[in-house]
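Spelled out from the first residue to the last, the chains are:
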Amino acid sequence: METIKLQEIFDAKIEKGDTIEPKDWMPENYRKTLIRQISQHAHSEIVGMLPEGNWITRAPSLRRKMVLLAKVQDEGGHGLYLYSAAETMGISRDEMIDQLHSGKAKYSSIFNYPTLSWADIGAIGWLVDGAAIMNQVMLQRTSYGPYARAMVRICKEESFHQRQGYEIMTVLAKGTPEQKELAQDALNRFWWPSLMMLGPTDKESPNTEQSVKWKIKRETNDEVRQKFVDRTVPQADILGLKIPDKDLKWNEAKNGYDFGEANWEEFFNVVKGNGPCNKERLSARVKAHENGAWVREAAAAYAARESKRGNNGN
Amino acid sequence: MEKQLFNYLLRLADSSLILGHRLSEWCGHGPVLEEDIALTNIALDFVGRTNSLYEYAGKVEGKGRTEDDLAYLRTEREFFNNLLSEQPNGDYAQTILRQYLTDAFEIHFYEALTKSKDETLAGIAAKSLKEIQYHLRHSSSWMLRLGDGTKESNTRLQNSLNEIYRFTGSLFETDENDSVLIAGGIVPELTGIQQQWQKDVDTMLEKAMLNKPENVWMQKGCLQGKHTENLGYILAEMQSLHRAYPGVNW
Ligand SMILES: [Fe+2]
Ligand SMILES: [Fe+2]
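Note that the coordinates shown come from a computational prediction; the quantities given were computed from them, not determined experimentally.

Calculation criteria
Residues numbered from 1 in each chain as written. Chains lettered and ligands numbered in written order. Predicted model: local features only at pLDDT ≥ 70, side-chain atom pairs only at ≥ 80, totals over all residues. Heavy atoms only, no water. Core = buried A, V, L, I, M, F, W, Y, C linked by side-chain atoms within 4.5 Å. Buried < 20%, exposed > 50% of the residue type's maximum accessible area, 1.4 Å probe, protein only. Contact = heavy atoms within 4.5 Å. Donors = N, O, S within 2.8 Å, 3.2 Å for Na, K, Ca; no water. Tetrahedral: all angles 85-135°; square planar, octahedral: opposite > 155°, others 65-115°. Helix = DSSP H or I, 4+ residues; strand = E, 2+ residues; numbered from the N terminus. Expected span 1.5 Å × (residues − 1). Phe/Tyr/Trp six-rings, centres within 6.5 Å; stacked < 30°, edge-to-face > 60°. Lys NZ or Arg CZ within 6 Å of the ring centre and 35° of its normal. Salt bridge = Lys/Arg side-chain N within 4 Å of Asp/Glu carboxyl O. Buried area = accessible area lost by both parts, 1.4 Å probe. Polar contact = N/O pair within 3.5 Å; in protein donor to acceptor, adjacent residues only side chain to side chain. Nonpolar A, V, L, I, M, F, W, Y, C, P; charged D, E, K, R; others polar.

Trainee: Mind showing me how you'd approach the nonpolar core here?
Mentor: Soluble, globular proteins show a tendency: their nonpolar side chains are buried together. Ranked by size, the top nonpolar core spans 172 residues in total, and within it Tyr-30 and Trp-118 of chain A carry the most contacts. Setting aside chain neighbours within four positions, we find Trp-118 of chain A in contact with Trp-55, Ala-59, Pro-60, Arg-64, Leu-68, Ile-168 and Leu-172 of chain A together with Leu-241 and Trp-250 of chain B.

As structure tokens, this is what we get:
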């Protein structure tokens, strides 16, 4: 079939709200955009294991340790689903990982901030998983089928993470004055990075318009950010914690909060590699991959020998 | 018999906590994503088992100590984990080997423990046994992959074996504390389990093309709280936050 005809079929599907499936024809840019977005999302899950993994060995109770282990394990699982979803578009996991390690592919800016206290684990669950959910709920209706379906599975777990994070914050905020201070300090440090992780403002985000047209994204960054603020501010009030934004106030007319401008210079610097932990995060990933090379080689050699022997490798 | 049972529960719980801690150190740093997830999952099993055992130990002791009191507020000399569990992760070969040697013991030990006359302990053992079956499948399959993989992987596994085999005797340490429990049918006798373990391990080493270290002097002492220097650092890290804020809720 001619490309024009194929393009028409594709457009009609998008228009109607049908999903695009791996075997369907799709414009090259749609494919590229999705590979970039899904792989970036997968990398974020994997890199995100690091700041939280940082507190597993020091978790202050056995129950918290178990919950945190389970959470970080979930994030690894999310990475797996997402790499598989991206692979349906004709890129291999190895290629994607190479792109992460070479710096060509990005991951969420938020994971370049350090986890300095236990309260940060609460703040990440509450705010970072909370912000991620805003995006991911929308992505359950994204136009690419495998991505949408991966999101359905992921969203269920993310809302657990959000609740568990909020619960950590609740215990701290209702605890001793020192504990409450830990919680406030974590909120102070993670509030703005959480708003920024939802992406640059709409006028600074040139890809958004096309992504919305293709129904990859259903809402713009600013729309998602507004939702996140509206949902999170009352939660902070319940905790008795103060959101570090002097411009934050309820706006009756728009039935939402007005809030201040994030430090976008900081955001673009973090994205560029100048965040407090960019180097540590990337080198931890590269080191794990390089130290694992001989393990993967051994597994491959064994599997090859087993298949020659007529076994299935297990 | 409460005193003896309490001691015994601590020994089991401590071993599972310390090995779980070691495994959790891999989280985010595994050689391949699937293994990262698997090790985290196994770590979670160990910490979960620890939690049940301490909870029960606290009840048996009857002094109101919680599972967290037992995990976070005892010192090096009051921990009774086997010496193998506290050995460093090393490379992936050492981690897999440490795990296999442990799993091969636990599969027989916990199987026997499911027949305990103490119902709570038998229940914990039954739940653990299901997990251990998976752990053993996982570590056995990697023993073969690494042993029969490349020259490098075989060498690494052999080096690890030479390094940590001397701590396996610690899996089978026993003292007069246990005899009353064994007589009461609460816990199994270890001699038969050790024989089964040795048989399984010998078979595995052969399949994985490894040489069993000869004339190894076994390091022991865990039942008197005599450890390698590793344990102090594990506890320092694990307990630091909990101890920094005494008596609070988390
Ligand atoms: Fe996730
Ligand atoms: Fe999450």
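Trainee: Got a minute to help me understand the coordination of the iron ion (ligand 1) in this structure?
Mentor: As a benchmark, a tetrahedral metal site with four donors has ideal angles of 109.5 degrees, while an octahedral site with six donors has ideal angles of 90 or 180 degrees. Residues and elements named next belong to chain A. Around the iron ion (ligand 1), the donor atoms from the protein are Glu-45 (OE), Glu-75 (OE), His-78 (ND1) and Glu-158 (OE), and they sit 2.0 to 2.2 Å away. Around the iron ion (ligand 1), the 4 donor atoms sit at angles spanning 85 to 144 degrees, and that spread fits a shape best called irregular. All donors to the iron ion (ligand 1) come from one chain, and their sequence spacing reads E-x29-E-x2-H-x79-E. A distance of 3.5 Å spans the gap from the iron ion (ligand 1) to the iron ion (ligand 2), which Glu-75 bridges by coordinating each metal.

Trainee: Explain the coordination of the iron ion (ligand 2) to me, please; I cannot follow it from the model alone.
Mentor: Residue and element names in this part refer to chain A. Around the iron ion (ligand 2), the protein contributes the donor atoms Glu-75 (OE), Asp-129 (OD), Glu-158 (OE) and His-161 (ND1), at 1.9 to 2.2 Å from the metal centre. Coordination geometry of the iron ion (ligand 2): the 4 donor atoms subtend angles of 89 to 152 degrees at the metal centre, consistent with an arrangement described as irregular. All donor residues of the iron ion (ligand 2) come from one chain, and their arrangement in sequence is E-x53-D-x28-E-x2-H.

Trainee: Quick question: what am I supposed to make of helix α1 (residues 2-24) of chain B here?
Mentor: Structural remark: α-helix, 3.6 residues per turn; residues separated by three or four positions point the same way. An ideal rise of 1.5 Å per residue puts 33 Å on 23 residues; α1 of chain B measures up with 32 Å between its terminal C-alpha atoms. Burial of α1 of chain B is extensive: 20 of the 23 residues sit out of reach of the surface.

Trainee: Quick question: what am I supposed to make of the packing of aromatic side chains here?
Mentor: Geometrically, a pair of aromatic rings is defined through the distance of the ring centres and the angle of the planes. Tallying each qualifying case throughout the model produces 16 aromatic pairs over all chains. Taking the centre distance of 5.2 Å and the plane angle of 75 degrees together, the rings of Phe-267 of chain A and Phe-268 of chain A count as edge-to-face. For Phe-268 of chain A, a relative accessible area of 33% translates into the label partly exposed. Counting every residue linked through ring pairs, the aromatic cluster contains Phe-105, Phe-109, Tyr-110, Tyr-165, Phe-172 and Trp-197 of chain B. If you follow Arg-153 of chain A out to its NZ or CZ, it ends over the ring of Tyr-81 of chain A, 3.9 Å from the centre. Note that Arg-145 of chain B overlies the ring of Trp-142 of chain B, its terminal NZ or CZ placed 4.6 Å from the centroid.

Trainee: In this structure, what is going on with the pattern of salt bridges? I would like to understand it.
Mentor: Once their charged atoms are close, side chains differing in charge can pair, the charge on each being opposite to the other. The tally for this structure, following the rule as stated, stands at 33 salt bridges over all chains. Close ionic contact of Lys-16 of chain A with Asp-18 of chain A constitutes a salt bridge, the shortest N to O distance being 3.4 Å. Look at Lys-16 of chain A and you get exposed, because its relative accessible area is 67%. Note on Asp-18 of chain A: relative accessible area 31%, which makes it partly exposed. For Glu-163 of chain B, the salt bridge identified is with Arg-166 of chain B, shortest N-O distance 3.2 Å. Within this structure, Glu-52, Lys-71, Glu-75 and Asp-129 of chain A form a network of salt bridges that share partners.

Trainee: How should I be thinking about unusual backbone geometry in this particular structure?
Mentor: The phi torsion of most residues other than glycine is negative, and most of the peptide bonds are trans. Residues and elements named next belong to chain B. Positive phi outside glycine occurs at Met-209, with the angle close to 55 degrees. Mapped onto the elements of the fold, Met-209 is located in the loop between α8 (190-207) and α9 (230-244). Classification of Met-209 as partly exposed rests on a relative accessible area of 45%. Phi at Asn-215 takes a positive value of approximately 50 degrees, unusual for a residue other than glycine. With respect to the element layout, Asn-215 can be found in the loop between α8 and α9. Residue classification places Asn-215 among the exposed residues on the basis of a relative accessible area of 77%.

Trainee: What am I meant to see in the interface of chain A and chain B here?
Mentor: Note: interface size is frequently given as the accessible area lost on complex formation between the parts. Contacts between the two partners involve 47 residues from chain A and, on the opposite side, 49 residues from chain B. Both sides of the chain A and chain B interface together cover about 4000 Å² of buried area, and 68% of this is carbon and sulfur. The largest contributions to the chain A side of the interface with chain B come from Thr-57, Leu-62 and Trp-294 of chain A, which together make up 20% of the buried area. Counting the contacts that link chain A with chain B gives 3 salt bridges. The tally of links from chain A across to chain B stands at 13 residue pairs in polar contact (both at pLDDT 80 or more). Going through the elements one at a time, α3 (49-53), α4 (62-87), α7 (145-173), α8 (177-196), α12 (278-291) and α13 (293-308) of chain A are the ones with two or more residues in the side of chain A that touches chain B. Of all the elements, α4 of chain A adds the most residues to the side of chain A that touches chain B, at 13 residues. Residues belonging to the side of chain A that touches chain B are distributed by class as follows: 26 nonpolar, 11 polar and 10 charged.

Function-wise, these values are silent; they only describe arrangement.
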